[in-house]
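Overview (structure and organization)
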Amino acid sequence: MHQHLPKGPFRFIALDVETASGSSASICQIGLACVDHSNSIHSYTTYVNPETAFAPFNVQLHGIGPETVAQAPSFPEVWSALLPFLTPYHLVQHSNFDKNAIGAACKAYRLPSPDLSWSDSVKIARQAWPEFKGNGGHGLGHLKTALNLSFKHHDAGEDARASAQVVMLAEERLRQSFEQIAQTRIKAQMSLPI
């Protein structure tokens, strides 16, 4: 972990992963977008050596291959630093893919299943922009164009930042706080050290 994790506290953290193959456990990149109380986004991205083969489809999609991650830490190394950092916060993912991938990687390495709070920015986007249903949909690719976001799709750090932006735009559009639109169990704010 060459890059330092951002310093909190944060309102919420968006998390995105890229995988090496069709196996959801094959995480090769993790990106975080940590949103602070002034709505600034603090990004963190790390490559992960999935210790498994890369599928050509995935390499073509995100441009990460075996040579990219050759010197990268394995998932257990990365996760040992990320888990205590993420645990106090409410996490946002765009669809359930990221939560499932983290769960699958933990299982593959026989690590305990993490007890994290998750919200799905696809569902949040559906609340905020119901008119996109059947009209481009609520995937990041379409939201990028429709909401005029600029990011490089299929880069974990960039996709996490886009998910965070979607949530903040939804807060404005719905005039509701993150806690209201994400229907969080307010565990996050309770356990924060003062």
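Once that is clear, we can look at the nonpolar core. Membership of the largest hydrophobic core comes to 25 residues, with the highest contact counts inside it found for Phe-12, Trp-129, Leu-147, Val-166 and Val-167. If you tally residues by element for this core, the top one is helix α7 (residues 156–174), at 7 residues. When residues no more than four places from it in sequence are discounted, the contact partners of Leu-147 are Trp-129, Phe-132, Val-166 and Leu-169. Within the second largest apolar cluster, 24 residues are counted, among which are Ile-13, Tyr-44, Ala-101 and Ala-105.

Its 12 residues give helix α4 (residues 97–108) an end-to-end C-alpha distance of 16 Å, which sits within 8% of 16 Å, the value for a rise of 1.5 Å per residue. Among the residues making up α4, those that are buried are Asp-98, Ala-101, Ile-102, Ala-105 and Cys-106. Burial along α4 is one-sided: seen end-on, the buried residues are contained in an arc of 135 degrees. Looking one or two residues beyond α4, the residue adopting positive phi is Arg-110, at roughly 55 degrees.

For the rest of this paragraph, the subject is the environment of Tyr-89. With respect to the helices and strands, the residue Tyr-89 is situated in the loop between α3 (75–86) and β4 (90–93). Overall, Tyr-89 belongs to the buried group, its relative accessible area being 7%.

Relative to the helices and strands, Ala-164 resides in helix α7. A C-alpha to C-alpha distance of 8.1 Å links Ala-164 and Ser-121, two positions 43 residues apart in sequence. Setting aside its immediate chain neighbours within four residues, Ala-164 contacts Phe-12, Ala-14, Ala-33, Val-35 and Ile-41.

Basis of the calculations
Residues numbered from 1 in each chain as written. Predicted model: local features only at pLDDT ≥ 70, side-chain atom pairs only at ≥ 80, totals over all residues. Heavy atoms only, no water. Core = buried A, V, L, I, M, F, W, Y, C linked by side-chain atoms within 4.5 Å. Buried < 20%, exposed > 50% of the residue type's maximum accessible area, 1.4 Å probe, protein only. Helix = DSSP H or I, 4+ residues; strand = E, 2+ residues; numbered from the N terminus. Contact = heavy atoms within 4.5 Å. Expected span 1.5 Å × (residues − 1). Arc of directions from axis to C-beta.

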